[in-house]
Amino acid sequence: MEGCRLRLRGAMSALVLLSALAGANPAGAQFGPYLSGAGAVNRSMGGASTAAPLSAAGALYWNPATLSGLEHSQLEAAAEMLFVDARLSSSVPAGALAPGIPATGLAGVTNSDNGAFALPTIGLSYTPDCSRLTFGLGLFPVAGFGVDYPAGLGNPLVTPPPPNGIGLGQLYSDYQVVQIAPAVSIRLTDRLS
């Protein structure tokens, strides 16, 4: 009896797994990097500066309490360049829009021609003279993306809008998510903030 239950449980588990795998479809429209560091100094350490204040941006991004460990007030400004390599493909079968429109099937691929996107990082720490307080303000890129598909006749989606074509024309996007992080750190002892 117990053996039958185990086989039934195994068969049910396999059925659930198979149905989950059969229903899974790849998501081909999503892209965009998630950035894991802040500024050139922090990136040079591979983001491993959580307890070691090396720069204002790294301290504000990973552990604002370490602002008190910086030797002096700082202003750090940096930019990372994001290069996007994206392609757009579309197809329209013959007669899809109306009888005889289009007369033949249309299909094509267009490469994005957007170049580079600048992602800024700014970190400011200020320690007043004879004060245990350190103030900070950071601006960090969190994520972003962008594309620029030029209009043309080779891809149905980027052909001119009606009446000259069936598409949308040029497609452009530029999206950046930034985090603004104000902070205050108080030095309690030489080793604790």
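Scoring rules and cut-offs
- Residues numbered from 1 in each chain as written.
- Predicted model: local features only at pLDDT ≥ 70, side-chain atom pairs only at ≥ 80, totals over all residues.
- Heavy atoms only, no water.
- Pairing = 2+ DSSP bridges.
- Helix = DSSP H or I, 4+ residues; strand = E, 2+ residues; numbered from the N terminus.
- Axes fitted to C-alpha atoms, helices over the stretch in contact; angles between N-to-C directions.
- Core = buried A, V, L, I, M, F, W, Y, C linked by side-chain atoms within 4.5 Å.
- Buried < 20%, exposed > 50% of the residue type's maximum accessible area, 1.4 Å probe, protein only.
- Contact = heavy atoms within 4.5 Å.
- Phe/Tyr/Trp six-rings, centres within 6.5 Å; stacked < 30°, edge-to-face > 60°.
- Polar contact = N/O pair within 3.5 Å; in protein donor to acceptor, adjacent residues only side chain to side chain.

The next point concerns the sheet that holds strand β6 (residues 171–186). Read from one edge to the other, the open sheet built from 4 strands follows the order β1-β4-β5-β6, with strand pairing classed as antiparallel. Strand pairing shows two members of the sheet lacking a second neighbour, β1 (74–83) and β6, which therefore form its edges. Within the sheet, the average angular offset between the axes of one strand and its neighbour, ignoring direction, is 10 degrees. Bridging between β1 and strand β4 (residues 116–126) involves 10 bridges; their strand directions are antiparallel. By the bridge assignment, E76 is partnered in β4 with G123.

Further remarks concern the nonpolar core. Within the largest apolar cluster, 11 residues are counted, these being A38, A56, A57, A59, L60, Y61, L67, L70, F140, A181 and A183. The dominant element in this core, judged by the number of residues it contributes, is helix α3 (residues 56–62), at 5 residues. When neighbours within four sequence positions are excluded, A38 is seen to be in contact with A57, G58, Y61, T121 and F140. Of all hydrophobic cores here, the second largest spans 9 residues; its members include L82, V84, L88 and V147.

On to the side chain of T121, then. Within the fold, T121 resides in strand β4. The class of T121 is buried, set by a relative accessible area of 1%. Beyond its immediate sequence surroundings of up to four residues, T121 is in contact with A38, G39, A57, E76, A77, A78, L139, F140 and P141.

To continue, consider unusual backbone geometry. Going from I101 to P102, the amide bond is cis rather than trans, its omega being -15 degrees. Its place among the elements puts P102 in the loop between β2 (87–92) and β3 (106–111). Residues P162 and P163 are joined by a peptide bond in cis, for which omega reads 10 degrees. Its location among the elements puts P163 in the loop between β5 (133–149) and β6. Its identity as a non-glycine residue notwithstanding, C130 has a phi of 55 degrees, on the positive side. Position of C130 relative to the elements: it lies in the loop between β4 and β5.

Here the focus is the packing of aromatic side chains. Taken as a whole and assessed by the stated rule, the structure comprises 2 aromatic pairs. Where Y61 meets W62, the ring centres are 5.1 Å apart and the plane angle is 85 degrees; that geometry is what we call edge-to-face. Since its relative accessible area comes to 34%, W62 is described here as partly exposed. Ring centres 5.2 Å apart and planes at 75 degrees place the aromatic pair Y61 and F140 in the edge-to-face group. Of this pair, Y61 sits in helix α3 while F140 is found in strand β5, placing the two residues 79 residues apart along the sequence. What links up through ring pairs into an aromatic cluster is the set Y61, W62 and F140.

The subject of this paragraph is the side chain of T110. By the element assignment, T110 lies in strand β3. By relative accessible area, which is 11% here, T110 ends up buried. In this structure the side chain of T110 is engaged in a polar contact, spanning 3.0 Å, whose partner is the side chain of N155. Ignoring anything within four residues of it in the chain, the contact list for T110 reads A86, R87, L88, Y149, P150, N155 and V158.

Now for the pairing of β4. The alternating pattern of β4 places F117, L119, T121, G123 and S125 on a buried face, while none of A116, A118, P120, I122, L124 and Y126, on the opposite face, is buried. Bridging between β4 and β5 involves 5 bridges; their strand directions are antiparallel. Within the sheet, the bridge partner assigned to I122 lies in β5 and is L139. Hairpin connection, β4 to β5: the antiparallel pair is bridged by 6 residues, and C130 has positive phi, about 55 degrees.

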